[in-house]
Amino acid sequence: MADEKKYPKNDAPLPLLQKPGAIMQTFSSQEEAELYRLKKNLARTDMERFQMLCRLIRIGKMLSSAGKTTH
């Protein structure tokens, strides 16, 4: 196997793990998880909220058109 490709070894973590606050969070109860999500959502900027709204609208349009079948 002389023509075997050699790839550089990359020990760096994935880009997702390099973001601050991108840790695996565990919760002892459902209430604690919901409280964490609420606090995280309240800390979002207006632009992040707008982008999330647009994303949800696109997903809603996609799902509503997927339910229509024609013969």
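Residues numbered from 1 in each chain as written. Predicted model: local features only at pLDDT ≥ 70, side-chain atom pairs only at ≥ 80, totals over all residues. Heavy atoms only, no water.

Caption draft 1: Expanded view of the overall build of the protein chain. Counting its secondary structure elements, the protein chain contains three helices and zero strands. Helices and strands in the protein chain line up, N terminus first, as α-α-α. The buried share of the protein chain, taken over its 71 residues, is 1%. Counting every atom, the protein chain has about 7500 Å² of accessible surface; 60% of that belongs to carbon and sulfur. (Helix = DSSP H or I, 4+ residues; strand = E, 2+ residues; numbered from the N terminus. Buried < 20%, exposed > 50% of the residue type's maximum accessible area, 1.4 Å probe, protein only. Areas by Shrake-Rupley, 256 points an atom, 1.4 Å probe, with all protein chains shown as cover.)

Caption draft 2: Structural detail: a nonpolar patch on the surface. A contiguous nonpolar surface patch, about 410 Å² in accessible area, is contributed by Met-47, Phe-50, Leu-53 and Ile-57. Within the element layout of this structure, Met-47 appears in helix α3 (residues 46-66). (Patch = residues over 30% accessible without salt bridge, like charges linked within 9 Å, V, L, I, M, F, W, Y side chains within 5 Å. Salt bridge = Lys/Arg side-chain N within 4 Å of Asp/Glu carboxyl O.)

Caption draft 3: Just the confidence of the model for the protein chain, in detail. Of all residues in the protein chain, 63% attain a pLDDT of 70 or more, and the chain-wide mean is 80. Averaged pLDDT values over the elements of the protein chain bottom out at 52 in helix α1 (residues 15-18) and peak at 94 in α3. (pLDDT = per-residue confidence, 0-100.)

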